[in-house]
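# A structural walkthrough
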Amino acid sequence: MITPAQCRAGRGLVRWNQDDLAREAAVSVVTVRNFENEKSVPQRATLEVMQRALEKAGVEFIAENGGGPGVRLKKRAKSVEEISKQIDVLEETISSIPTPTAPSPEAAMSTMIKAVAEDKVAKLKARRKRIRHDRSN
C-alpha cells in the first residue's frame, strides 16, 4: 500500500497537484490532502485507485526493501522511429570505421568497436521487429 510520502513524491514526479490526483483517481481533494498530511488513512480501495492513477501517469512504486519505500518514473519505451534513428547512426558509424590492412593494436581496437556496434544494431533491429509485431497483433 502506498505511503503519504510516496503519494506526495509520485505527484511531484508527474507534476500533479492534489487536485490533479483527486480528479484522475475520482476521489475528493480532501481525501488526498488528509492522506498526504497524515491526518487520516483512506479505505484500502481508495488508496488503490490513487496508486493506479499515479501508475497510469508513469510513476513506479518501489516496495520497502531495506532502504524504505520509494517512487520513480518508469522508463519510457522507445518508439520504432527512435530505434530506427539509433540504427541509422550506428550503421553510419560502422561504415566510417576503416578496414584494417595490417595487424596492429589500433586495428584490433577498430575491429572490436565495429563488432560491438554491429551487435547493438542487431539487437535494435530485433527490438524494432518485436514492437512492430506487437502493434500488428
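Here the structure is a predicted model, which means the values were calculated and not measured.

Cys7, Leu21, Met50 and Leu54 are the most contacted members of the largest nonpolar core, which totals 17 residues. Residue assignment for this core shows that the elements contributing at least two residues are α2 (18-25), α3 (29-36), α4 (44-56) and β1 (59-62). Among the elements that line this core, the one with the most residues is α4, at four residues. If we ignore the near neighbours within four places in the chain, the residues touching Cys7 are Ile2, Leu21, Phe35, Glu36, Met50 and Leu54. Within the second largest apolar cluster, seven residues are counted, among which are Ile83, Ile87, Ile94 and Leu124.

Here we come to unusual backbone geometry. Phi at Arg15 takes a positive value of approximately 60 degrees, unusual for a residue other than glycine. Judged by its relative accessible area of 76%, Arg15 falls in the exposed class. Non-glycine residue Ala26 carries a positive phi angle of around 60 degrees. Turning to its location among the elements, Ala26 is positioned in the loop between α2 and α3. Residue classification places Ala26 among the exposed positions, given a relative accessible area of 71%.

Turning to the environment of Val27, a few remarks are in order. Checked against the element boundaries, Val27 lands in the loop between α2 and α3. Relative accessible area serves as the criterion here: at 17%, Val27 is assigned to the buried category. Counting along the chain gives 20 residues from Val27 to Leu47, while the straight-line C-alpha distance between them is 9.7 Å. Those residues within four positions of Val27 in sequence are excluded, and the remaining contacts are Ala22, Val32, Thr46, Val49 and Met50.

Right, let's talk about the pairing of β1 for a bit. Only one face of β1 is covered, namely the one carrying Val59 and Phe61; the face carrying Glu60 and Ile62 has none of its residues buried. Relative to strand β2 (residues 70-73), β1 is paired through four bridges, and the arrangement is antiparallel. Looking across to β2, one finds that Val59 is bridged to Leu73.

Cut-offs applied
Residues numbered from 1 in each chain as written. Predicted model: local features only at pLDDT ≥ 70, side-chain atom pairs only at ≥ 80, totals over all residues. Heavy atoms only, no water. Core = buried A, V, L, I, M, F, W, Y, C linked by side-chain atoms within 4.5 Å. Buried < 20%, exposed > 50% of the residue type's maximum accessible area, 1.4 Å probe, protein only. Helix = DSSP H or I, 4+ residues; strand = E, 2+ residues; numbered from the N terminus. Contact = heavy atoms within 4.5 Å. Pairing = 2+ DSSP bridges.

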